[in-house]
Amino acid sequence: MRRVGLFIFIAIISLAPQIGFTQASLVPVYHQVYDWLHYQRVLGNAPMYNYEALPLTRGELTKLLGNIDPDHISSSDNRTRHSYLREFSVDSLKTQNKKTVIQGPGKLQTRFLDLLFGESEPHFYVWDNDISTIAVDISISPSGILVTDGDEKINSPYYTFGSLRAYGSLSNIAGFHYEQYTVSSSRNLNSFQYLPFFGRNAKYLLNKNTMNHFEGFAGFHKDYWSIHIGRGLLKYGVGKKDNLVFSREGIPFDWLRFNINTKHFKYSLVHGFMTWSPRQIQLEGYELLYSKTSPSRYTVHQRIQFQPAHWISFGYYDLVNYSNREFEITYLNPINRLAIMEFEQDDQDNGFVGFEGSLRPIPGLELYGEMLIDDLRTSADLFRWRSEE
């Protein structure tokens, strides 16, 4: 991982003087803007939006929102669109450095009330100069949960929800995003499963009464291509929930991603690092016998999507899972097929192929499907069952 991080750092520094300003920071996949843009795509207002490979950068989201014709959407959707533009646009963010809790005029309590009840996105602090724009947000919210679920009654009258978020663009090309949520209760940790965000997937337990969720990304974005390294959730595949490859209902993990996102062609290569390094443990009473625990596990996903027209898109992807050794640098090569690389590794890994597509014949209707194939020897295996398999 250190070699990969060093490569990204050198690439960012060497390319920075050549790039125009952009919002290169990624927006986590559970943000509501992604589903809202998909809703607009179904209606025909955002036909080139790539809902099947998330997350996107703030710059990409700003462009998609800006391309929606305000005359073709309802007044309520227009208000939502303007709200998202204020949130993601770097020009809007630059105007906030005089309106934050720390930097605004007047008394602190007055600024806090204005930010709490105003239309602009509240920020705790904004840093802005010629080469960088950074926003910091902090929140603390006390609340409670009283649940009757069949025979189970959960009484947690008080819990505290706190969050810290920081994001920004640096050196005219690099971007980062840090986001952490912590929820604590003195009563019943099981009550958190009824909170929509903390109940949708597994979270890290800081102690018996505290649950934590963390995501962080860093990378750069130039025109149609980007490279990011991060720890967080991904969404790859058709549909909204429980996607076949990477799902927002999964567990955050470490990954490195290279993306190309043009109007008619999209490419993505993801290398995920699922667990920590393996450990050898000697079996008690057996001097020469060892047990291997927590083996390193990795996943690699290579995806190509074509969109020849606004109403149709289709794609193909390779997926390889491997473990019990350090990561293979050959799988970082974007100009190759994973199936070929896996074969050259003595076919010791677990490979899949998949196909996906979506069709929007009329505004308001979207048809989509996806197929994942494992252990395919010949094309005939698609159309018959074998009793021995």
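Up top you'll find the structure we're talking about.
Everything numeric in this text was worked out from a predicted model, so none of it was measured.

Student: Which residues make up unusual backbone geometry, and what values go with them?
Tutor: In the segment running from L54 into P55, the intervening peptide bond is cis, with an omega of 20°. Along the chain, the position of P55 falls in the loop between β1 (53–54) and α3 (58–67). The phi torsion at D242 lies on the positive side, around 50°, for a residue other than glycine. Within the element layout of this structure, D242 appears in the loop between β9 (235–236) and β10 (253–261).

Student: Provide a residue-level description of the packing of helix α2 (residues 32–43) against helix α4 (residues 75–88), including the pertinent values.
Tutor: Look at α2 against α4: their axes get within 12 Å of each other, and the N-to-C directions meet at 135°. By the angle between their axes, α2 is oblique relative to α4. You can see that α2 and α4 cross each other, and the crossing is left-handed. Contacts from Q32, V33, W36, Y39 and Q40 in α2 reach D77, T80, R81, Y84 and F88 in α4. Looking at the contact of α2 with α4, its residues break down into 5 nonpolar, 3 polar and 2 charged.

Student: Describe the pattern of salt bridges, naming the residues involved and giving the relevant values.
Tutor: Scanning the model with the defined rule gives 9 salt bridges in all. The partner of K222 in a salt bridge is D223, with the nearest N and O atoms 3.2 Å apart. Note on D223: relative accessible area 55%, which makes it exposed. We note a salt bridge from E366 to R360, for which the minimum N-O separation is 2.9 Å. Via salt bridges that share partners, R41, E52, R360 and E366 belong to a single interconnected network.

Student: Let's hear about the nonpolar core: which residues, and what values?
Tutor: Counting residues in each nonpolar core, the largest one holds 32 residues, and the members touching the most others are Y34, L37, Y49 and L61. Counting residues per element, the ones that place at least two in this core are α2, α3, α4, β3 (132–149), β4 (152–170), β5 (174–185) and α7 (196–199). With 4 residues, the single largest contributor to this core is α2. The contact partners of Y49, leaving out residues within four places of it in the chain, are Y34, L37, H38, R41, L54, L56 and L64.

Student: Give a detailed account of the pairing of strand β8 (residues 225–232), specifying residues and quantitative values.
Tutor: Where strand β7 (residues 210–222) and β8 come together, 7 bridges link them in antiparallel fashion. Counterpart to F220 in the pairing with β8 is I227. In textbook terms, the turn of a hairpin is the stretch between consecutive antiparallel strands, and for β7 and β8 this stretch comprises 2 residues, one of which, D223, has a positive phi near 55°. In the sheet, β8 pairs with β10 via 8 bridges, with the strands oriented antiparallel. Across the sheet, the residue bridging to I227 is F258, located in β10.

Student: Summarise α2; cite the residues concerned and give the values.
Tutor: With 12 residues, α2 should reach 16 Å at 1.5 Å per residue; the first-to-last C-alpha distance of 17 Å fits that figure. Of the surrounding elements, those touching the buried residues of α2 are β1, α3, α4 and β16 (350–359). Phi for G44, located one or two positions after α2, is positive at around 95°.

Student: Quick one: what's the story with a nonpolar patch on the surface, residue by residue and with numbers?
Tutor: On the surface, W311, L359, I362, L365 and L367 cluster together into a nonpolar patch covering about 420 Å² of accessible area. Along the chain, L359 turns up in strand β16. Residue L359 is classed as partly exposed on the basis of its relative accessible area of 31%.

Student: Go over the side chain of H123 with me, naming the residues and quoting the values.
Tutor: Note that H123 resides in the loop between α6 (108–117) and β2 (125–128). The exposure class of H123 is buried, given its relative accessible area of 3%. A distance of 2.9 Å separates polar atoms of two side chains, one belonging to H123 and the other to D137.

Student: Requested: an account of the environment of I134, with residues and values cited.
Tutor: Following the sequence through the fold, I134 ends up in strand β3. Taking C-alpha positions, I134 is 5.7 Å from Y167, a pair spaced 33 residues apart along the chain. Residue contacts for I134: discarding those within four places in its chain leaves Y125, V126, W127, Y167, G168, L170 and F176.

Student: Just give me the short version of the packing of aromatic side chains, but keep the residues and values in it.
Tutor: Following the criterion strictly, the structure yields 15 aromatic pairs and no others. Aromatic side chains F220 and W225 sit 5.4 Å apart centroid to centroid with 90° between the ring planes, which places their arrangement in the edge-to-face category. Using a relative accessible area of 3% as the deciding quantity, one classes F220 as buried. Under the relative-accessibility criterion, W225 is labelled partly exposed at 29%. Arranged with centres 5.6 Å apart and planes meeting at 35°, the rings of F246 and F253 form a pair that is tilted. In terms of burial, F246 and F253 fall into one category: buried. Taken together, the aromatic side chains of F273, Y298, Y322 and Y331 make up a single cluster linked through ring pairs. The ring of Y167 has R58 sitting right over it, with the charged end atom 3.5 Å from the ring centre. Between K235 and the ring centre of Y51, over which it is positioned, the NZ or CZ distance is 4.0 Å.

Criteria and thresholds
Residues numbered from 1 in each chain as written. Predicted model: local features only at pLDDT ≥ 70, side-chain atom pairs only at ≥ 80, totals over all residues. Heavy atoms only, no water. Helix = DSSP H or I, 4+ residues; strand = E, 2+ residues; numbered from the N terminus. Axes fitted to C-alpha atoms, helices over the stretch in contact; angles between N-to-C directions. Parallel < 35°, antiparallel > 145°, perpendicular 65-115°, else oblique. Left-handed = near helix turned anticlockwise from the far one by under 90°. Contact = heavy atoms within 4.5 Å. Nonpolar A, V, L, I, M, F, W, Y, C, P; charged D, E, K, R; others polar. Salt bridge = Lys/Arg side-chain N within 4 Å of Asp/Glu carboxyl O. Buried < 20%, exposed > 50% of the residue type's maximum accessible area, 1.4 Å probe, protein only. Core = buried A, V, L, I, M, F, W, Y, C linked by side-chain atoms within 4.5 Å. Pairing = 2+ DSSP bridges. Expected span 1.5 Å × (residues − 1). Patch = residues over 30% accessible without salt bridge, like charges linked within 9 Å, V, L, I, M, F, W, Y side chains within 5 Å. Areas by Shrake-Rupley, 256 points an atom, 1.4 Å probe, with all protein chains shown as cover. Polar contact = N/O pair within 3.5 Å; in protein donor to acceptor, adjacent residues only side chain to side chain. Phe/Tyr/Trp six-rings, centres within 6.5 Å; stacked < 30°, edge-to-face > 60°. Lys NZ or Arg CZ within 6 Å of the ring centre and 35° of its normal.

Keep in mind these numbers describe shape, not what the thing actually does.
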